[in-house]
Amino acid sequence: MSSTPEPALAIDHVTKRFGSFTAVDSLSFSVQPGCIFGFLGPNGSGKTTTMRMIMSIFYPDEGSILVLGHPRAEEIKDRLGYLPEEKGLYKKMKVGEIVTYFGTLKGMDTHTAKERASQLLRDYGLGDWIDKKCETLSKGMGQKVQLLGTIVHEPDLVLLDEPFSGLDPINMEVMRDTILSMAKNGKTVIFSTHVMAQAEEICDRIFLIYKGKKLLDGTLAEVKSGGPRAIQVDYEGDVGYLRNDPTIDRMNDSGQSAEIYLKDGEDAQDLLQKLVGKVKVRRFDLREPSLHEVYVRAVGGDVDPFTASSVELR
Amino acid sequence: MAKKTYLIARREFIENIRTKAFWIGILMFPVIWVVALTVPALFKKAKSVRNYAVLDQSKDGWFMRAFEQRTRIPDLGRLFDRWQKADHAGRAELPQALSEARWQRVMSSDSDRRRQALDQIRVLYEMLDTAGVEFNPERLDGFRDQIPIPIADEQFAAAKAVVQDLNDFKAWWQERAESKDKEVRQSVADLVGDAGLGKYQRVEASDEEWLKADLASGDLFAYFVVPSDPVGKAPEPDKPRPVKTPDPGKGDGKGEVGRDDGGKEVEAPDPNGFKYVTKKENLADRDLKDWFTRHGNRIVRKRRIESIHLDSGRASWISQGISFSEKRLGEGGKEEEVERADQVLQYAPIVFVYMLWICVFTMANILLTNTIEEKSNKVIEVLLSSVSPLQLMRGKILGLAAMGLTMVACWAVFAWLGIKLVPMFIDGSASVIAEFGIDKILTNPRYLVSFLIYFLGGYLLYASMLVGIGAVCNSLKEAQNLMQPVVLILIIPLLAMFPIVQDPNGTLAKVLTYVPVFTPFVMMNRAAGPPTMLEYLISTILMIATIWFAMWLAAKIFRIGILMTGKRPKIREIIGWMRAPVGSIPVRAADGETS
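Residues numbered from 1 in each chain as written. Chains lettered and ligands numbered in written order. Predicted model: local features only at pLDDT ≥ 70, side-chain atom pairs only at ≥ 80, totals over all residues. Heavy atoms only, no water.

A closer look at the side chain of Asp 161 of chain A
Here Asp 161 of chain A shows up in strand β6 (residues 157-161). With sequence-adjacent residues up to four places away left out, Asp 161 of chain A is seen in contact with Thr 48, Met 51, Tyr 82, Leu 83, Pro 84, Glu 85, Lys 87 and Ser 192 of chain A. (Helix = DSSP H or I, 4+ residues; strand = E, 2+ residues; numbered from the N terminus. Contact = heavy atoms within 4.5 Å.)

Considerations on the interface of chain B and chain A
With 30 residues of chain B at the interface, the matching set in chain A holds 41 residues. For the chain B and chain A pair, buried surface summed over both sides reaches about 3300 Å², with 54% attributable to carbon and sulfur atoms. Scanning the region where chain B abuts chain A turns up three salt bridges. Two residues, Arg 52 of chain A and Glu 381 of chain B, come together in a salt bridge whose shortest N-O distance is 2.7 Å. Applying the counting criterion to the chain B and chain A interface returns ten residue pairs in polar contact (both at pLDDT 80 or more). Going through the elements one at a time, α1 (2-17), α14 (340-377), α15 (379-384) and α26 (589-592) of chain B are the ones with two or more residues in the side of chain B that touches chain A. With seven residues, α1 of chain B is the single largest residue contributor to the side of chain B that touches chain A. (Buried area = accessible area lost by both parts, 1.4 Å probe. Salt bridge = Lys/Arg side-chain N within 4 Å of Asp/Glu carboxyl O. Polar contact = N/O pair within 3.5 Å; in protein donor to acceptor, adjacent residues only side chain to side chain.)

Points about a positive patch on the surface
All names here are of chain B. Taken together, the side chains of Arg 294, Arg 298, Arg 301 and Arg 304 define a basic patch exposed on the protein surface. One can find Arg 301 in helix α12 (residues 287-307). What makes Arg 301 partly exposed here is its relative accessible area of 41%. (Patch = residues over 30% accessible without salt bridge, like charges linked within 9 Å, V, L, I, M, F, W, Y side chains within 5 Å. Areas by Shrake-Rupley, 256 points an atom, 1.4 Å probe, with all protein chains shown as cover. Lys, Arg positive; Asp, Glu negative; His and termini not counted. Charge placed at Lys NZ, Arg CZ, Asp CG, Glu CD. Buried < 20%, exposed > 50% of the residue type's maximum accessible area, 1.4 Å probe, protein only.)

Some details on the packing of helix α24 (residues 533-561) of chain B against helix α25 (residues 571-579) of chain B
Residues and elements named next belong to chain B. At a minimum axis separation of 9 Å, α24 and α25 run at an interaxial angle of 110°. Classified by the interaxial angle, the pair formed by α24 and α25 is roughly perpendicular. The handedness of the crossing between α24 and α25 comes out as right-handed. Contact residues: α24 offers Trp 552, Leu 553, Lys 556, Ile 557, Ile 560 and Gly 561, while α25 offers Ile 574, Trp 577, Met 578 and Arg 579. Residues belonging to the contact of α24 with α25 are distributed by class as follows: seven nonpolar, one polar and two charged. (Axes fitted to C-alpha atoms, helices over the stretch in contact; angles between N-to-C directions. Parallel < 35°, antiparallel > 145°, perpendicular 65-115°, else oblique. Left-handed = near helix turned anticlockwise from the far one by under 90°. Nonpolar A, V, L, I, M, F, W, Y, C, P; charged D, E, K, R; others polar.)

Thoughts on the sheet that holds strand β5 (residues 80-83) of chain A
Each strand in a sheet pairs with another by means of backbone hydrogen bonds, the pair being arranged parallel or else antiparallel. Residue and element names in this part refer to chain A. Strand order in the open sheet formed by six strands is β5-β6-β7-β3-β8-β9, with mixed pairing between adjacent strands. Two strands bound the open sheet, and with one partner strand each, they are β5 and β9 (213-219). Shown here is a sheet whose adjacent strand axes are inclined to one another by a mean of 15°, direction ignored. Note: β6 against strand β7 (residues 188-193), five bridges, orientation parallel. Residue Asp 161 lies in a different strand from β7, and its bridge partner there is Ser 192. The sheet strands contacting helix α1 (residues 47-54) are β3 (36-40), β5, β6, β7 and β8 (205-210), and the helix crosses β6 at an angle near 150°. (Pairing = 2+ DSSP bridges.)

Just geometry here; none of it tells us what the structure is for.
So this is what it looks like as structure tokens:
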């Protein structure tokens, strides 16, 4: 793997157009080695196109992409792993064979690939399925097999497009652990997701893309620091009466806890007073906004503190 | 880079040879051949015996007596022949010897010469029979001078040897052939394999009304009415008979009556009084009528000849047709015997073209199906993260080419085994193989090398078309629309197959040779010609250039189309892709982004 201090991935003013539609618009960012990079954005914002360009499945119309220090990923495809959003396997191939096959396509020799494939399958609880055909797998198992196919060759840079979609909690855990352990081993992981909680949990760095343009880029702390501070309230009762309170800017109420953003100049103590007596307050603390809030604010466009231009929600 | 192409090809190969389709394809070949060789015979056998009746109005029924005798003559002639052949196997058990001889006959080669000898024996028999002579070989010598056609000494000796056993044989024969038992007659007919006895069974005829009832009920296939005077009156020598204009619909001047389902008879005017009545649905099968006509004609002709007092020797001489001895011009202007193998060799390319066509079409089709499947499976994106679209396309095409070659190789092994093993199990089949020169055809390097090269050429050409089609389609249904022009192109070499094999160096063949999409089939088709070296050279260069170009185009379409989902692109868009430089991907806005 790359031991140079240079970034694992450097994207410089990359633009990709499909006819008159600009999918990616002068995008720039870089990812340091060993980083878990959360690539966020609504549907159709250009995530998949960017990933395909990184994998040199597509080529950018303008700009340059340096993957592990190389201008074209073609030359180092063997050091990359890519799990596309739409997952598919050869139905008639056996589970062990297909993981081995993906490994050999990444330049592993058949013997090593085979050993590593069965090792991984056993580690991930699929040992009994090695000799079964892919068509017998459930959706979640298929996705796991495909993840193993993506990482069987121990890539230095892994791109995972929506790796968590369609997974049950246990398998989500497995996926999360996989991502974390790869990063621990110095590999770089870029993944996209719609579930902010996951991104918040594991990402070192967040990148938010919307309509092909950069909205946010930074470490989790950096991204959050730019926004207003949130009041986290855990409570018993109903805080619905606060919904039209003039001092409150936004409230994300989830029934037993709520994230409340006050308007500029308002005091948190006033809010506490309004709560006391109406509901049973179990926790009241002032903290950074959740990634969800950052995302919604950035993309939602009604309040847009991070970009000069206002954007419309799709 | 080449390694990844190999990996793709290997997977494609391994996965495909595991499919049932592949094994069916391999077994198809021997099965088709076995079916093609046995089924017609089975059909012939399965054809039920046709019952027919004859209302013979001739005086004392002489016509049908002559007819019965006459129809037995070919059978006897064949039996003679087999008798003769069966000599070495011992004649103690005749049916057994005959059944063996039957193989010999079916398999034997010098058919022309044998047919001549048979004709002579037939003449001999007729003469003896008419004369009421006992079959005594010693006395045969005395008759030799009376035979109007020359017979070579050894042939005469052979005929004598046959006649030697004729007395016993005649008794054996008559007992069976004239038996009332249908099964006994059938057993003789089986031995003879003759139309006269095996296929047609004459039943007693009583009254025409009864016959009509039998006909309607299906007990009877047809019945004939022979007029009271089948021969008619000879015209006066100096007054030639007025020339009749032949009526093609009526054939042979005999009346033919069709019955509609209501049983009503539509009667045609009938100059001689001969009548053939059958049901409407039986009209298509003319074998019985033709057979009856053939023999009836001879009887009438013979009687007419006799009625003007021409002796039977001269009559035979008049009846004798001409026959050509076929020669071919060999090296240095020498005339050479035409062997059956020569003719077979000329027609052999048809088999090869047909197999080539099946191979190319099957393989290209599998490629199309696989490409679409991979695309709808979404495996394609994973693959493209490891290999380039070009490697993927090449790998797929090569993998299936390997599969096609494996199939062809298996067929070749089957054919070889067929040649080597069949003679061990079926007596006499070795002579068939030799007669038809099957081993020569299968080991002819021109055919084999042509087949391999043109399989690869044809496959690569059509594979590039279909892989392009597969890349732009999301489902087989969509692909079928785009396949239509390709199928239309592919039909042309099939249509041209027979014209070209008959005239392998004709204009049609020469023109189609230079149309690259037809080159593989047409050149294979012309292999018996054979084409000149220059033609081979130019057409091959053209073909390779076209393959190269088609592959290049296919790669461009594949590269873009393979990642597309949604609506199938229009032809104009695809042409746009062909022009697009590498790296740029002109995709419609609507389908460009899938995330």
